[in-house]
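# Reading the structure
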Amino acid sequence: MQENKVKISDLIAKRFDPYFHSTIFYEEMNLLNKSPYKLYKLDELCIQITDGTHYTPKYIENGVKFISVKDIKENEINFKDTKFISFEEHQALIKRCNPLCGDVLLTKIGTIGNICVIPKGSPDFSIFVSVALLKPRKNIITSEYMQVALSTFFAKSQMKRELKGIGVSDLHLENICNIQIPVPDSIKEQDKIVEIYANSYKNKLRKYEKAKELLESINDILLKNLNIVIPKIDNKKEFKTTISNILGNRLDPKYHQPKYEYLAKCIKINTEDLYSLEDICDKIISGQRPKGGVSQVKEGIPSLGGEHVLRDGTIETENLKFIPEDFHKKQIKSKIKPLDIILVKDGATTGKVGIVSKEYPFKEANINEHVFILRCKKHINPYYILAFLLSEIGQTKIEREVSGATIMGITKDSLKNILIPLPSPNIQISIANEYNMRLKKAKQLKKEADEEFEKTKARVERIILGEETL
């Protein structure tokens, strides 16, 4: 543990939390002061720094896209799967906060410090209060250079220092205004720095795309091994069904989309042995968390939820949440074991699946109420079941069982409707091995991409600080 002394005069009229007075922060600021470039505060570099609104988004199709923290990732904005506000609300808001191409967005509540430039061709949108909007003074700084500079460790350190709040962290606008970054006088020099950063980021994206293609290719391997041929099937706005199909089933139209029935027929024609997910599993278990949540529990037993199930079918080992050990012992039935499949049962990521590998670093871990443990019977290969559930077929089957008005999800009872082909053990092993091989290659590609990009970021930081020349 690092200790540092603080004068009482430094505490007067200032905050008392230790990180605010950390010697690390002052050391980093000394580095900034040695930069050959002039230091500017953000409010000197922007004609406006503002944030969005508290409007409640609506589930409508013909509104204006409403961007929040979850939609802003590293260097990009996700305009798919957004929520909406009405045109009237948008028009009222743009008088104060009007995001335009070339402006910079910065997340400031919850997930802090994701930065991106609004690209050309972006649709009209409004932003939630959790997002700050920065409008750069183009005669001093380019939007792209501002993004790069705000992605550096010395900018992130200033953001971390200024965070407020006990539960959900919050970066206030006045604190954003005071963040300092070095800026070259020459726009050409700014562009050169941005080019180094951007080329490395593009290379990272290329490798990530290859990794994604590797994982998606398991879908074709699965279909080939199971001798299933499924043509592309789209949703239909209008369709007919029979009263016999509705009796004893759900009444919502989505459930009876023809694509689901057609998919079931394609699988049944080509596969004799179909078993429900309920039959395949020895146990299906849901978890709990303590009353009051776990936000204040900083150590103990890892508690896995939907956010810890990753898109590649693995389980997060970092950024975990915890439950007290005594609570874990009371909930020992939901303790995870190696080769358990974890299925997200509700919320925005319903249907994500991952497997607890034999190498998972925590011998003791549990789950919360937002996921199921699917524990396969001994004669069934769990990696085959995972590969099937990750496939387009598996995800379509899960999608059909999602229901609910306010919080969408799947119930334990609905798992009996998810029918899975169960081929011979040799075919199961073959599909499982293909999945693991592709996962290993995909992980290696992403690791290489991350390492190369981090090296480039470090180089860019050294250039900005004057420790390396262009």
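Summarised in this report is the structure supplied together with it. (Residues numbered from 1 in each chain as written. Predicted model: local features only at pLDDT ≥ 70, side-chain atom pairs only at ≥ 80, totals over all residues. Heavy atoms only, no water.)

## Remarks on the overall build of the protein chain
- The helix and strand inventory of the protein chain stands at 16 helices and 20 strands.
- The buried share of the protein chain, taken over its 470 residues, is 47%. (Helix = DSSP H or I, 4+ residues; strand = E, 2+ residues; numbered from the N terminus. Buried < 20%, exposed > 50% of the residue type's maximum accessible area, 1.4 Å probe, protein only.)

## Section: unusual backbone geometry
- Look at N75: it is not a glycine, yet its phi comes out positive at around 65 degrees.
- Position of N75 relative to the elements: it lies in the loop between strand 4 (72–73) and strand 5 (76–77).
- Of note in the backbone geometry, N227 takes a positive phi value of approximately 55 degrees without being a glycine.
- Note on placement: N227 falls in the loop between helix 9 (218–226) and helix 10 (243–246).
- Judged by relative accessible area, N227 falls into the exposed class, the value being 54%.

## Some details on the environment of P382
- Residue position: P382 is located in helix 14 (residues 382–390).
- Remark: the alpha-carbon pair of P382 and A432, spanning 50 residues in sequence, is separated by 8.2 Å.
- Sequence-distant contacts of P382, that is, excluding residues within four places in its chain, are made with L339, I341, I355 and C376. (Contact = heavy atoms within 4.5 Å.)

## Focus: the packing of helix 14 against helix 15 (residues 392–401)
- Two elements in contact, helix 14 and helix 15, have axes separated by 4 Å at closest approach and are oriented at 70 degrees. If you check the angle between helix 14 and helix 15, you find them roughly perpendicular. Two secondary-structure elements touch here, helix 14 through F388, L389 and L390 and helix 15 through E392, I393, G394, Q395, K397 and I398. (Axes fitted to C-alpha atoms, helices over the stretch in contact; angles between N-to-C directions. Parallel < 35°, antiparallel > 145°, perpendicular 65-115°, else oblique.)

## Notes on the packing of aromatic side chains
- Scanning all chains against the criterion turns up 7 aromatic pairs.
- Among the aromatic residues, those joined into a cluster by ring pairs are Y197, Y201 and F453. (Phe/Tyr/Trp six-rings, centres within 6.5 Å; stacked < 30°, edge-to-face > 60°.)

## Comments concerning the sheet that holds strand 15 (residues 321–323)
- Read across the open sheet, the 3 strands follow the order 15-14-18; overall the sheet is mixed. On the outer flanks of this sheet lie strand 15 and strand 18 (366–367), each paired with one strand and no other.
- Looking at chain direction, strand 14 (residues 301–304) and strand 18 are connected through 2 bridges and run parallel. Counted as the bridge partner of L304 is I367 from strand 18. (Pairing = 2+ DSSP bridges.)

## With respect to the sheet that holds strand 2 (residues 46–51)
- Read across the sheet, 4 strands follow the order 2-10-7-8 without closing on themselves; strand pairing throughout is antiparallel. Edge positions in the open sheet fall to strand 2 and strand 8 (115–117), since each of these has one partner strand only. Within the sheet, the average angular offset between the axes of one strand and its neighbour, ignoring direction, is 20 degrees.
- As defined by bridge partners, strand 2 adjoins strand 10 (residues 131–136) across 5 bridges and the pair is classed as antiparallel. Across the sheet, the residue bridging to C46 is P136, located in strand 10.
- Docked against the sheet, helix 5 (residues 143–150) engages strand 2, strand 7 (104–107), strand 8 and strand 10, running at close to 170 degrees with respect to strand 8.

## Let's talk about the packing of helix 9 against helix 14
- In the contact formed by helix 9 and helix 14, the axes pass within 9 Å of each other and the chain directions differ by 110 degrees. Classified by the interaxial angle, the pair formed by helix 9 and helix 14 is roughly perpendicular. Note that helix 9 runs across helix 14; the crossing there is left-handed. Judged by residue contacts, I218, L222 and L226 of helix 9 engage Y384, A387 and F388 from helix 14.
- Across the contact of helix 9 with helix 14, the residue classes break down as 6 nonpolar, no polar and no charged. (Left-handed = near helix turned anticlockwise from the far one by under 90°. Nonpolar A, V, L, I, M, F, W, Y, C, P; charged D, E, K, R; others polar.)

## Brief notes about the side chain of R375
- Position of R375 among the secondary structure elements: in strand 19 (residues 371–376).
- Among the residues examined, R375 registers a relative accessible area of 11% and is labelled buried.
- Polar contacts involving the side chain of R375 include one to the main-chain carbonyl oxygen of K335, which spans 3.2 Å.
- Sequence-distant contacts of R375, defined by excluding residues within four places in its chain, comprise C281, D282, K283, I285, K335, I336, K337 and D340. (Polar contact = N/O pair within 3.5 Å; in protein donor to acceptor, adjacent residues only side chain to side chain.)

## Describing the pairing of strand 19
- The element strand 19 is extensively covered by neighbouring structure, given that 6 of its 6 residues are classed as buried.
- Every second residue of strand 19 is oriented toward a common face, with V371, I373 and R375 on one face and F372, L374 and C376 on the other, all of them buried.
- Pairing geometry for strand 16 (residues 341–344) and strand 19, over 4 bridges, is antiparallel. By the bridge assignment, I342 is partnered in strand 19 with I373.

## Topic: helix 8 (residues 187–216)
- If you check helix 8, its first and last C-alpha atoms are 42 Å apart, about what 30 residues at 1.5 Å a residue would give, namely 44 Å.
- Turning to helix 8, its buried residues are Q190, I193, V194, I196, Y197, S200, Y201, K204, K207 and A211.
- On the buried face of helix 8, the contacting elements are strand 5, helix 5, strand 11 (180–183) and helix 16 (425–464). (Expected span 1.5 Å × (residues − 1).)

## Some points on the pattern of salt bridges
- Under the counting rule described, the total for this entry stands at 19 salt bridges.
- Note that D103 and K135 form a salt bridge whose closest N and O atoms lie 2.4 Å from each other. Taken together, the positions of D103 in the loop between helix 4 (87–93) and strand 7 and K135 in strand 10 put the pair 32 residues apart, joining distant regions of the chain.
- By relative accessible area, K135 is classed as buried at 11%.
- Linking E468 and R459 is a salt bridge whose minimum nitrogen-to-oxygen distance equals 3.0 Å.
- Take E468: its relative accessible area is 26%, and that puts it in the partly exposed class.
- Residue R459 is classed as partly exposed on the basis of its relative accessible area of 29%. (Salt bridge = Lys/Arg side-chain N within 4 Å of Asp/Glu carboxyl O.)

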